[in-house]
Amino acid sequence: MGIRTGDAYLAGLRDDREIWIHGQRVDDVTTHPGMARGPRTLARFMDKQFDPALSDLITYEEDGERIAMSFLPPKTPEDLRRRGAAYYEWARWSNGMLGRTPDYKNASIMAFGTAAEFLGQGRSDFAANMRAYYDEVRKGDKVLTHTLVNPQISLELAREGKYSGDVALKIVKETDAGVIVNGARLLATLGPFADEIEVFPSTLLKASDENEPFAIAFALPVSTPGLRMICRDTYDHGKSHFDAPLSSRYEELDAVVIFENVLVPWERVFMYRDPTLCNQAFAKSNAIVHMMHQVAAGKLAKAEFVVGLLCAMARATNKDKDMAVKGQIAEAMWIAESIRAFLFSAEHQAELDEWGNYIPLRRPLDTSRNLFPKMYPRLVELVQLLGSSSLMATPSEADFNNELAPDVERYFQVVNLNSHDRVGLFRLAHDFAVSGFGGRQALYERFFFGPPAVLASVYFDLYDKDEMIGRVEDLLDSAD
Ligand SMILES: Cc1cc2nc3c(=O)[nH]c(=O)nc-3n(C[C@H](O)[C@H](O)[C@H](O)COP(=O)(O)OP(=O)(O)OC[C@H]3O[C@@H](n4cnc5c(N)ncnc54)[C@H](O)[C@@H]3O)c2cc1C
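Given the structure is predicted, the values throughout are model-derived calculations rather than measurements. Residue numbers run consecutively from 1 along every chain, following the written order of its sequence. Per-residue local features of the predicted model are confined to residues with pLDDT of at least 70, and side-chain atom pairs are confined, for both listing and counting, to 80 or more; whole-chain, interface and lining totals are unaffected and use all residues. Water and hydrogen atoms were dropped before computing side-chain values, which therefore reflect all heavy atoms in the structure.

A. Structural detail: the sheet that holds strand E1 (residues 18-21). The pairing criterion is simple: DSSP has to find at least two bridges between the two strands. Starting at the N terminus, helices and strands are each numbered in turn, a helix being any DSSP run of H or I of at least four residues and a strand any DSSP run of E of at least two. Spatial strand order, E2-E1-E10-E11-E7-E6: 6 strands in an open sheet with mixed pairing. Of all the strands in the sheet, the pair left with one neighbour each is strand E2 (24-25) and strand E6 (170-174).

B. Local environment of helix H2 (residues 37-48). The end-to-end C-alpha distance of H2 is 17 Å, a good match for the 16 Å that 12 residues give at a rise of 1.5 Å each. Elements that come into contact with the buried residues of H2 comprise helix H1 (6-13), helix H4 (77-93) and helix H5 (102-114). The span you would expect from a helix comes to 1.5 Å times its residue count less one. The contact definition used throughout considers only heavy atoms, calling two residues in contact when any of these lie within 4.5 Å.

C. How the structure looks around the pairing of strand E4 (residues 65-68). Summarising the sheet, strand E3 (residues 59-62) and E4 pair through 4 bridges and their orientation is antiparallel. Across the sheet, glutamate 61 pairs through a bridge with arginine 66, a residue of E4. Where E3 folds back onto E4 in an antiparallel hairpin, the turn is made up of 2 residues, including aspartate 63, whose phi is positive at roughly 50°.

D. Molecular detail of the pattern of salt bridges. By definition, a salt bridge exists where a carboxyl oxygen of Asp or Glu is found within 4 Å of a side-chain nitrogen of Lys or Arg. If you walk through the whole model with that rule in mind, you get 32 salt bridges. Between arginine 66 and glutamate 61 there is a salt bridge, with its nearest N and O atoms 3.8 Å apart. Taking the shortest distance from any N to any O, the salt bridge between glutamate 467 and arginine 471 comes out at 3.1 Å. Taken as a pair, glutamate 467 and arginine 471 lie in helix H17 (residues 466-477) at a separation of 4 residues, close to a single helical turn. A simple rule labels every residue: compare its accessible area, found with a 1.4 Å probe on the protein chains alone, to the largest value its type can have, and call it buried under 20%, exposed over 50%, or partly exposed in between. For arginine 471, a relative accessible area of 53% gives the class exposed. Each of Arg232, Glu251, Glu252, Asp254 and Arg440 takes part in one network of salt bridges that share partners.

E. Broad picture of the site of the ligand. If you check the shell around the ligand, you find 18 residues, and the closest are Arg100, His146, Leu148, Leu187 and Thr189. Contact distances for the ligand include 2.6 Å between an oxygen atom and a side-chain N or O atom of arginine 100. Proline 451 has a polar backbone atom sitting 3.4 Å from an oxygen atom of the ligand. Protein chains shield 64% of the accessible area of the ligand, which is 960 Å² for the free molecule. Using a 1 Å grid laid over the protein atoms alone, points where a 1.4 Å probe fits but cannot get out form a cavity; open sets with protein on both sides within 12 Å along at least 5 of 7 lines form a pocket; any residue with an atom within 4 Å of a point counts as lining. Should more than half of a molecule's atoms lie within 2 Å of a pocket's or cavity's grid points, that molecule is taken to sit in it. Under a 2 Å grid-point criterion requiring more than half of the atoms, the pocket assigned to the ligand is the largest pocket. Where the shell around the ligand is concerned, the elements lending two or more residues are strand E5 (144-147), helix H8 (155-159), strand E7 (178-189) and helix H15 (436-447). For each residue, the test is whether any non-hydrogen atom lies within 4 Å of the molecule or strand; if one does, the residue is near. In protein, a polar contact means a hydrogen-donor-capable atom and an acceptor-capable atom, both N or O and within 3.5 Å, with residues adjacent in sequence counting only if both atoms are side-chain atoms; elsewhere, any N or O pair within 3.5 Å suffices. Only the protein chains shown count as cover for residues, with accessible areas throughout obtained via the Shrake-Rupley method and a probe of 1.4 Å.

Shown next, in the form of structure tokens:
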């Protein structure tokens, strides 16, 4: 097996999966209007794995097969940097607009697969289950999504670290064949277009007997009976690439996942009724660090794209000769360069972990994942500030081909771009900073890695503060 073609990936999505959108069940996600173009884009990306010019960058060889680089266990610092380069290459293809390219989940499965012993603390067969799963998804080049978060029904319960048994995903029964689970999870980005869904607990499970029914980790095919996904509205409204350059290509969708008495076979269970183990899993396996690595590489590609967009917008009217505009765009450049520096720092201070893998230094990546949710809204704001009414002066492609064409050709030109190219550029800026697609991107950046307050407090707890506090105390104690 090994890397899969885009056609093979699309064929795999034509199964009995239960996907709902706009009040209707979807027959085939690869042909449904408003859905089909996202997975087609991903299929094109999967085909790139076969491009001989990219082969050594994004794949590696294992037993005579080419395997996606994100599955490579980093046994040397060089392996780690190869993984980073592959993440960045994948992210460049969508300029960071596809959050859930397969390398994101591959990074965590590689970590869990090579740290499977950790899961063996729960039950010895769970380690074997994870190793087998790592083999299956690696060799089958499977596309995964994940869903980690239980819906909360009240702040009071959330503060006590409890879940509502009415809505949260929980274990309801054990059988010889496996575990029956029931309830909902939010959210699964790319869910309708994934082969498999990884269902791990959020890292916020309070260790108590009461929470044991919620403490489970498993993975299933999206087409498993009883599993259904309810999607948000699509942002792909069927417009041309000219009219909607981003949403016509990169609609990855997000769905709430419902499990109605779903059977999880034992061989797909990785943790069971053990909140403490569940809480430690991402950190102890270092899956979290490998995922942060993929994320930082993706955010670099995204920030660079915004720099390019801002520069192109400014150049259109010679605003790039203006000192104030230069200063605004420089802010976007600082964001891109900060992420680049975090990535470099993390990769070049790699450490060997207890599982024999090199991991990037966590702190720079953790800094990046805490800052980017704050930086991204500023990038959007910079595009809005520079774009202003040009983001609204956006006739559609059809207007260049109807009786309005002479008006459109004349009144939308700017000094460095003809009307067609100016409108195309600003429609892109609109899709990035104003459209439903753009709004969802901003929401995604704020939340996809977890609640910002929680991420910040984890960062605080891990930060080595004592030496710095010592300096303050030394000054206060000093008689000089
Ligand atoms: C576009 C998008 C895609 C996503 N994709 C995925 C995915 O693929 N897989 C996945 O598992 N998850 C995904 N998520 C979910 C993400 O993990 C959660 O959004 C995130 O963990 C925050 O949880 P929440 O949405 O329940 O927000 P909440 O926990 O409800 O927090 C929302 C706000 O409520 C307030 N608040 C919350 N708790 C408290 C408290 N205890 N005290 C005081 N105030 C509080 C804060 O202001 C907080 O910002 C996605 C989210 C988005 C928006």
